[in-house]
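Spelled out from the first residue to the last, the chains are:
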Amino acid sequence: ADTTVENDINAKCCLCRTKWTVYRNQFKCNRSLCRVPVIVCDLCTTTATKKPETLICELCREGYRAPSAIPDLVSMKRKADKIVESNNTDGSKLSEKELLSKKPKTYYKDRLFIRRLPLAITFTKLKEVFGPIKFANWLTDKSSGGFYGSCVVVMNSATDMGKVLEMASTKGGIKIEKKKIKIAKVFVKDGEEDVFEVFNQKEYPPMI
């Protein structure tokens, strides 16, 4: 079983590049705006501890740079609203895309979007925390293919989903490894393919 897991996860030590699947000691990327957890093998642990500046995640290694400024979302929304208003003052018909955007959102009755998960999370751990889960789709970065702490889960029923949302709404919320987890309902997108129709559940999220 351990061999199957090893083959299923494409992970490596960030220093010596040896295949390694165990995340220990809470090592993180040294880039100030990044700080993403990185995997270090047993042989490189001493080096990582003495020279943390050598720790670089796969995204930073490929040249990715995190945004240095937070976008003004409120201002952007106001500008967008003004454009919509100005485009329809002459009584012209809205496009099909605009009409769809004005439709009330319909939410799945059994699905939840979960984020801020530990990178070393497992499907078994999710079921221990959230209860009866059918599937968990690990969401990955489009460029690197690495897991970034978010997933979409399918609960056994709408009742089970309601219990999770109720727990998340309490003052303490839901925590894993002392980290408060963010949870939201998933809305149905027109024309979107349902990935859960034919789904192969994996115990571990993909790692680089």
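As the structure is a prediction and not an experimental result, all values here were calculated from the model.

Criteria and cut-off values
Residues numbered from 1 in each chain as written. Predicted model: local features only at pLDDT ≥ 70, side-chain atom pairs only at ≥ 80, totals over all residues. Heavy atoms only, no water. Phe/Tyr/Trp six-rings, centres within 6.5 Å; stacked < 30°, edge-to-face > 60°. Buried < 20%, exposed > 50% of the residue type's maximum accessible area, 1.4 Å probe, protein only. Helix = DSSP H or I, 4+ residues; strand = E, 2+ residues; numbered from the N terminus. Polar contact = N/O pair within 3.5 Å; in protein donor to acceptor, adjacent residues only side chain to side chain. Contact = heavy atoms within 4.5 Å. Disulfide = S-S within 2.5 Å. Arc of directions from axis to C-beta. Pairing = 2+ DSSP bridges.

Another aspect to go through is the packing of aromatic side chains. Scanning the model with the defined rule gives 5 aromatic pairs in all. Ring centres of Trp 138 and Phe 147 lie 5.6 Å apart, and the angle between their planes is 80 degrees; on these two criteria the pair is classed as edge-to-face. The class for Trp 138 is buried, based on a relative accessible area of 9%. Judged by relative accessible area, which is 9%, Phe 147 ranks as buried. On the numbers, 5.1 Å between centres and 50 degrees between planes, the contact of Phe 196 with Phe 199 is tilted. Assessed through its relative accessible area of 9%, Phe 196 is described here as buried. Since its relative accessible area comes to 23%, Phe 199 is described here as partly exposed. Through pairs of rings, three or more aromatic residues link up here, namely Phe 135, Phe 196 and Phe 199.

Relative to the helices and strands, Thr 122 resides in the loop between β1 (107-115) and α6 (123-130). Classification of Thr 122 as buried rests on a relative accessible area of 15%. A distance of 3.0 Å separates a polar side-chain atom of Thr 122 from the backbone nitrogen of Lys 125. Those residues within four positions of Thr 122 in sequence are excluded, and the remaining contacts are Trp 138, Glu 203 and Tyr 204.

Applying the stated criterion across every chain, the model contains 0 disulfides. Here Cys 14 stays free of any disulfide, with the sulfur of Cys 13 as its closest cysteine sulfur at 5.4 Å. The closest cysteine sulfur to the non-disulfide-bonded Cys 29 is located on Cys 60, 3.8 Å from its own sulfur. Residue Cys 29 is classed as buried on the basis of its relative accessible area, which comes to 0%.

Positive phi values are uncommon outside glycine, yet Gln 26 reaches one of about 55 degrees. Looking at the element boundaries, Gln 26 is found in the loop between α1 (2-8) and α2 (45-50). One non-glycine residue, Arg 116, adopts positive backbone phi at about 70 degrees.

A few words on helix α7 (residues 158-168). Considered for burial, the residues of α7 that qualify are Asp 160, Met 161 and Val 164. Axial view of α7: buried residues confined to an arc of 100 degrees, hence all on one face. Exposed residues on α7 whose side chains face more than 90 degrees from its buried face are Thr 159, Lys 163 and Glu 166. On its buried side, α7 packs onto β1, α6, β3 (147-155) and β6 (182-187).

Moving on, we get to the pairing of strand β2 (residues 133-140). As paired strands, β2 and β3 are joined by 6 bridges and run antiparallel to one another. Paired with Asn 137 across the strands is Val 152, a residue of β3. The turn linking β2 back onto β3 is made up of 6 residues, and Gly 145 within it adopts a positive phi angle of 80 degrees.

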